[in-house]
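Chain by chain, the residues:
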Amino acid sequence: MSVIQTAFVAGTRGAWRIERITAVTGQALAQADRLAVVGPDEAGDVAAGAQWRLDGATGHPRYATRQELDTLAAVQQGLGRPEARCAALIPIRKNPAWWALGQDERRAILEEQSHHIAIGLEYLPPIARRLYHARELGQSFDFLTWFEYAPQHADAFEELVSRLRQSAEWRFVEREVDIRLVQD
Ligand code: HEM
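Calculation criteria
- Position numbers for residues count from 1 along each chain, tracking the sequence in the order it is written.
- Whole-chain, interface and lining totals are the exception, using all residues; otherwise, since this is a predicted model, local features are given only for residues with pLDDT of at least 70 and side-chain atom pairs are given and counted only at 80 or more.
- The side-chain quantities take in all heavy atoms of the structure and omit both hydrogens and water.
- The term nonpolar core refers to a set of buried residues drawn from Ala, Val, Leu, Ile, Met, Phe, Trp, Tyr and Cys, joined through side-chain atoms within 4.5 Å.
- Under the scheme applied here, a residue whose accessible area is under 20% of the maximum for its type counts as buried, over 50% as exposed, and between as partly exposed, the area being computed with a 1.4 Å probe on protein chains only.
- The secondary structure listing takes helices from DSSP runs of H or I that are at least 4 residues long and strands from runs of E that are at least 2 residues long, numbered from the N terminus.
- By the convention used here, residues are in contact when the closest approach between their heavy atoms is within 4.5 Å.
- Each helix should span, by expectation, one fewer than its residue count multiplied by 1.5 Å.
- The arc refers to the directions leading from the helix axis to the C-beta atoms.
- Salt bridge criterion: a side-chain nitrogen from Lys or Arg within 4 Å of a carboxyl oxygen from Asp or Glu.

Trainee: How do you make sense of the nonpolar core when you look at a structure like this?
Mentor: As a rule of thumb, nonpolar side chains are buried together in soluble globular proteins. By size, the foremost hydrophobic cluster in this structure holds 20 residues, and its most contacted members are Leu35, Trp52, Leu89, Trp146, Ile179 and Leu181. Going through the elements one at a time, β1 (5-11), β2 (16-25), β4 (52-57), β5 (86-94), β7 (143-149) and β8 (173-182) are the ones with two or more residues in this core. Once residues lying within four places of it in the same chain are set aside, the contact partners of Trp52 are Phe8, Val9, Ala10, Ile21, Leu29, Ala30, Leu35, Leu89 and Ile179. Among the nonpolar cores identified, the runner-up in size contains 17 residues, and Cys86, Ile119, Phe157 and Val182 belong to it.

Trainee: Any chance you could explain helix α6 (residues 154-165) here in plain terms?
Mentor: Each turn of an α-helix holds 3.6 residues, which means side chains three or four residues apart point in the same direction. Between its first and last C-alpha, α6 extends 17 Å over 12 residues, near the 16 Å set by a 1.5 Å rise per residue. Among all positions in α6, only Phe157, Leu160, Val161 and Leu164 are buried. Down the axis, α6 shows its buried residues gathered within 90° of arc, on one side only. In the core, the buried residues of α6 are packed alongside β5, α5 (116-122), β7 and β8.

Trainee: Just to check I follow, could you spell out the pattern of salt bridges for this structure?
Mentor: When the charged atoms of two side chains lie near each other, side chains of opposite charge can form a pair. Evaluation of the coordinates by the stated rule reveals 16 salt bridges. Note that Arg93 and Glu174 form a salt bridge whose closest N and O atoms lie 2.7 Å from each other. One end of the pair, Arg93, is in strand β5; the other, Glu174, is in strand β8, and 81 residues separate them in sequence. Judged by its relative accessible area of 25%, Arg93 falls in the partly exposed class.

Structure (structure tokens):
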């Protein structure tokens, strides 16, 4: 699996129109009209005059088991499906208590207690996803989560995020911003 580096640049340019930016927990991000999702080399061009820029890189799985990875691989869809005109960018930072835990404890909270992967799988294949890590890049968020779906699955996506936000894992989330996008 090769690493994909991506910059999310909010301003006046980009393929995605920003519908709304909501602060779920902690500080919001500034409002903007459009979002460009670009490689790091192109980011400089679109970033001039931008409201904000978030960088992330895909990484190797930390918690998913072999069986979960195989199940995901069998059902998950790629990004860029023409019918998936809705997207969500949800940057998340977890608190120091989370990062002080051991890998085994974090896995237990994520899956055995919160059923993050099992719940998420209920919403595949309609929801396509990509997880970017940002903490290691010294960014203000730990993760940039990206989702794409067709308009008819918007309600299902709302249900998914609301179920995850009620989980034990989310008690460790100290900052979360929910950015919803459409491709006209
Ligand atoms: C991590 C699956 C939806 C936020 C993960 C991981 C999996 C997964 C397998 C673990 C990756 C690893 O092993 O390192 C899914 C599936 C979803 C879904 C199938 C269905 C669409 C969501 C949603 C959000 C979210 C809606 C945000 C509201 C995260 C975050 C992590 C993560 C922040 C990183 C957790 C950490 O490393 O501490 N997800 N997820 N996921 N997911 Fe989801």
